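What the coordinates show
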Amino acid sequence: MKVNEVVDILKTDGVYLIENYIQDYVPLKDELTHWYNKIPDYREAGMNHGSLELQGEYTAGKNFKISNNSYSLFPELCKVFVHNQFISSVVDNFFGIPNNKGLQTFSTWEYKKVETEEEYGRAQFLHFDPYHALKFFVYLDDVDQESATTFYIPKTNKIGKYLRENRMMDAGKGYQGGLPHRIVDYPDIKVIEDDVVHVKAKAGSMLIFDTDTLHGGGILKSGERMVVVYHNRKN
């Protein structure tokens, strides 16, 4: 697994999956669960300067954002992501130096089945991210199409980049008044639904993801799913 080969595939396909990247993922899952136990059901929370603050609602379970100024409280997260030479080299080769490595880390723990489209969050729609990033997803449960796995359309990173750079700021308001970054916000952009890939992977696997690639978060139909996402930007 050479860094330059991974980056070449990322720049072509937009995604790179490494099966069983972490052999022992339990310590990281336990560390996150410790903090999740302090968050009420169906809520979002953020950790900033070591302070846990409740934020909005999260229909499918719990959502947790960790700012990089709080990483010292998460030694297992630092071991997996922050101090990982492979991840650091991929980010440097993808963006060049300098870059905004490890800007923040997101995690979701989903355990409530979503029954209707009205319960979807913005991530459940096929979209590109409004701010370009390279993300490293580590799945802490086995995932497939039944368990809210990530889905994406390979080789669509050029479409997302075009929309983000050339049309997003002039396309009106999107989901819940935010930036229009869902594909349904651009009726003239046609995609082939049969090209959608749903990630199927064992716990401990890692998906590296260029967020210009059209993607979304799946709908939980059974079981539960915990994932942690390490977030990096160019600037």
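Structure shown above.
Attention here is on the structure that accompanies the text. (Residues numbered from 1 in each chain as written. Predicted model: local features only at pLDDT ≥ 70, side-chain atom pairs only at ≥ 80, totals over all residues. Heavy atoms only, no water.)

Describing the pattern of salt bridges
- Enumeration over the complete set of coordinates arrives at 13 salt bridges.
- Among the salt bridges present, the one from Asp129 reaches Lys135, with a minimum N-O distance of 2.7 Å.
- For Lys202, the salt bridge goes to Asp142, with nearest N and O atoms at 3.7 Å. Within this pair, whereas Lys202 is found in the loop between β8 (197-198) and β9 (206-210), its partner Asp142 is found in the loop between β6 (134-139) and β7 (150-152), the two being separated by 60 residues in sequence.
- In the salt-bridge network here, residues are joined through shared partners; they are Lys161, Arg164, Glu165 and Asp212. (Salt bridge = Lys/Arg side-chain N within 4 Å of Asp/Glu carboxyl O. Helix = DSSP H or I, 4+ residues; strand = E, 2+ residues; numbered from the N terminus.)

Here's the deal with the sheet that holds strand β4 (residues 61-67)
- The eight strands lie next to each other as β1-β9-β6-β11-β5-β4-β2-β3, forming an open sheet whose pairing is mixed. The sheet is open, and its two borders are formed by β1 (15-18) and β3 (51-57), each paired with just one other strand. Strand-to-strand twist of the sheet, defined as the mean angle between neighbouring strand axes without regard to direction, takes the value 20°.
- As paired elements, β1 and β9 share four bridges and run antiparallel to each other. Along β9, the bridge assignment pairs Ile18 with Met206.
- On the sheet, helix α2 (residues 26-36) packs against β2 (43-48), β3, β4, β5 (100-110) and β11 (225-233) and is oriented at approximately 95° with respect to β11. (Pairing = 2+ DSSP bridges. Axes fitted to C-alpha atoms, helices over the stretch in contact; angles between N-to-C directions. Contact = heavy atoms within 4.5 Å.)

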